[in-house]
Amino acid sequence: MGKVLTIHGGVPLKGTVTVRGAKNLVPKAMVAALLGDGPSLLRSVPEIRDVEIVTSLLTLHGVKVDKDPDTGDLTLDPQGAKTAPSNAIDAHAGDSRIPILFCGPLIHAIGEAFIPDLGGCRIGDRPIDYHLNVLRSFGAVVDKRPGGIAISAPGGLKGAKLELPYPSVGATEQVLLTAVRAEGITELKGAAVEPEIMDLIALLQKMGAIITVQTDRVIRIEGVSHLSGYNHKALPDRNEAASWASAALVTRGDIYVEGADQQDLTAFLNTYRKIGGAFEVDDAGIRFFHPGGPLKPLVLETDVHPGFMTDWQQPLVVALTQAEGVSIVHETVYENRFGFTEALVRMGATIQLHRECLGAVPCRFGQRNFLHSAVVTGPARLNGADIDIPDLRGGFSHLIAALAAEGSSRVTGIELINRGYERFLDKLQGLGARVELTA
């Protein structure tokens, strides 16, 4: 049994929180250090579970990872890289999906890789077939074994022409981390171009990589034989910033998010304003607040960047339960992302799920019998409830609902939130939330 977080609702969240490096970039940047001939310095690293997992895996492979106790910055030295004991790697089976991105860098560094069974949030079908097919295209040999996958490249990794059927962030990262030191030229069509992808490209360019981002989601990589270490400050976590913004709106609060970047939040900020939320931008961050008056319903469709990000959807759905009227949300990225709404309904929200595409354009889930559209009717009176957190973003959404609800809620499974939200409990208390953590 894990710990129980008791939340006493009805208190507007007010104050300041700081966001550091993005969860969707930092662990991948740490893996990229394996590609360098010397040490790398990664700055603005958050204290989250995914960073701990990658630190442990890198250490098992002989990478020296040192953390500055004052700044939190990481120095990663790959010069002692080696094969890790398979039983030690197995201990991380099910922890995260990040280990699949070790493949290309490990093959370049030591000639082989062993990847444990992969975990991650249960929000939809995220098969590793994309990754394995990408690696095979570069000349890798994939051997599926009990407990994991062994990957090698007896003839070395060669550049390839690739096209993704969907702009997958993970598959794009796999291509980048594998192609930069593969022999020859790699062309990737249908690539993801999220801000975290662009920041990874910037980091790899600092190391000596030659990468061109062309029009229409085409990325071209000219392989090089050697890369140096990097000195890089991770871009801020736009998903955490958006989550705190939704928390301010739902609790009728006022939160200044230090470190939030307007440019990477453009689509979110437009939607936030349409609902009735207010924000003020300065050079150091963004202030999010409820200006008073009723919230407005809307029609919302998630999409890959530069569209409305799927990770913003779940916290914002909680805000839509408080809007006056009917909102429609069409999820096009992950087919099972509305599982978190069951708890909201138990708390008093009115949410109906549909298999049809209730958006402007039919998506790939419309023919596959998934509940991927939601109709949210508000305003709803939310009441405290017992909640077991299902995934990272859905879990934070449950916290927001509990903070706005009447009465108290008991929340279990909060360990999942530690995967992507740095010191979230300290931040909640700093904003005035009435919360208690018990064993």
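Look above for the structure.
Computed from a prediction, not measured in an experiment: that's the story for all the values here.

**Examining the overall build of the chain**
Counting its secondary structure elements, the chain contains 13 helices and 23 strands. Taken over C-alpha atoms, the radius of gyration comes to 22 Å for the chain, in line with the 22 Å a tight globule of 439 residues would show. Just so you have it, the chain exposes about 17,200 Å², and 48% of that area is on carbon and sulfur atoms. Treating the 42 positive side-chain charges of the chain as one cloud and the 50 negative ones as another, the clouds have centres 2 Å apart.

**A closer look at the pattern of salt bridges**
It is possible for side chains of opposite charge to pair when their charged atoms get near one another. Applying the stated criterion across every chain yields a total of 19 salt bridges. Note that arginine 49 and glutamate 52 form a salt bridge whose closest N and O atoms lie 3.2 Å from each other. Placement of both arginine 49 and glutamate 52 in helix 2 (residues 49–60) is noted, with a separation of 3 residues, approximately one turn of the helix. One continuous salt-bridge network, built from bridges that share partners, spans Arg20, Glu47, Lys67, Glu422 and Arg423.

**Overview of the packing of aromatic side chains**
For the coordinates displayed, the defined rule picks out 9 aromatic pairs. With a centroid separation of 5.3 Å and 80° between ring planes, the pair formed by phenylalanine 308 and tryptophan 312 is classed as edge-to-face. Since its relative accessible area comes to 5%, phenylalanine 308 is described here as buried. The exposure class assigned to tryptophan 312 is buried, which follows from its relative accessible area of 2%. Ring pairs connect the aromatic residues Phe268, Tyr272, Phe288, Phe308 and Trp312, which therefore count as one cluster. Stacked on the ring of phenylalanine 289, the Lys or Arg arginine 287 has its end atom at 3.8 Å from the ring centre. When the ring centre of tyrosine 166 is taken as reference, the NZ or CZ atom of arginine 364 above it lies at 3.6 Å.

**Considerations on the sheet that holds strand 20 (residues 373–378)**
Pairing is mixed in the open sheet, where 4 strands are placed in the order 17-18-20-19. For this open sheet the edge positions go to strand 17 (299–301) and strand 19 (350–354), each flanked by a neighbour on one side alone. Looking at each pair of strands side by side, their axes are set apart by 15° on average, direction ignored. Inspection of the sheet shows strand 18 (residues 325–330) paired to strand 20 by 6 bridges, in the antiparallel sense. The residue bridging valine 329 from the neighbouring strand is alanine 374, located in strand 20.

**What about the sheet that holds strand 6 (residues 112–116)?**
The 3 strands lie next to each other as 6-8-7, forming an open sheet whose pairing is antiparallel. With one partner strand each, in any of the chains shown, strand 6 and strand 7 (141–145) form the two edges of the open sheet. Between one strand axis and the next, the sheet turns through 20° on average, direction left out of account.

**Looking at the side chain of threonine 178**
By the element assignment, threonine 178 lies in helix 6 (residues 169–179). For threonine 178, a relative accessible area of 0% puts it in the buried group. If near-sequence neighbours (up to four positions away) are discounted, threonine 178 is found in contact with Gly104, His108, Leu135, Phe138 and Leu157.

**Some points on the packing of helix 8 (residues 238–250) against helix 12 (residues 392–404)**
Contact geometry for helix 8 and helix 12: axes closest at 9 Å, N-to-C directions at 20°. Between helix 8 and helix 12, the angle is such that the two are roughly parallel. Note on packing geometry: the crossing formed by helix 8 with helix 12 is right-handed. Touching Asn239, Glu240, Ser243, Trp244, Ser246, Ala247 and Val250 of helix 8 are Arg393, Phe396, Ile400 and Ala404, all from helix 12. Looking at side-chain class alone, the contact of helix 8 with helix 12 contains 6 nonpolar, 3 polar and 2 charged residues.

Procedures and definitions
Per chain, residues are indexed from 1 in the order of the written sequence. In view of the model being predicted, local features appear only for residues whose pLDDT reaches at least 70, and side-chain atom pairs are presented and counted only at 80 or more, with totals across whole chains, interfaces and linings using the full set of residues. Note: side-chain values were computed over all heavy atoms of the structure, leaving out hydrogens and water. Note on conventions: DSSP H or I runs of at least 4 residues are helices, E runs of at least 2 residues are strands, and numbering of each starts at the N terminus. Radius of gyration: over C-alpha atoms. The globule rule applied is 2.2 Å multiplied by the number of residues raised to the 0.38 power. Note on areas: Shrake-Rupley with a 1.4 Å probe; residue coverage comes only from the protein chains shown. Charge counting treats Lys and Arg as positive and Asp and Glu as negative, with His and both chain ends excluded. One atom stands in for each charge, and that atom is NZ of Lys, CZ of Arg, CG of Asp or CD of Glu. Take a side-chain nitrogen of Lys or Arg and a carboxyl oxygen of Asp or Glu: if they are within 4 Å of each other, that pair is a salt bridge. A pair of Phe, Tyr and Trp rings is counted when the ring centres sit within 6.5 Å of each other, with Trp represented by its six-membered ring. The angle between the planes then sorts it: under 30 degrees is stacked, over 60 is edge-to-face, the rest tilted. Classification of residues uses two cut-offs on accessible area relative to the type maximum, computed with a 1.4 Å probe and protein chains only: under 20% is buried, over 50% is exposed, and between them is partly exposed. By the criterion adopted, a ring carries a charge over it if an Arg CZ or a Lys NZ lies within 6 Å of its centre and within 35 degrees of its normal. Note: two strands are recorded as paired if DSSP finds a minimum of 2 bridges between them. A fitted line through C-alpha atoms serves as each axis, taken over the contacting stretch for helices, and the angle formed by two N-to-C directions is quoted from 0 to 180°. In this description, contact between two residues means that some pair of their heavy atoms is separated by no more than 4.5 Å. Roughly parallel means an angle under 35 degrees; roughly antiparallel, over 145; roughly perpendicular, 65 to 115; everything else is oblique. A clockwise turn of the near helix away from the far one marks a right-handed crossing, whereas an anticlockwise turn of less than a right angle marks a left-handed crossing. The classification used treats Ala, Val, Leu, Ile, Met, Phe, Trp, Tyr, Cys and Pro as nonpolar, Asp, Glu, Lys and Arg as charged, and all other residues, Gly among them, as polar.

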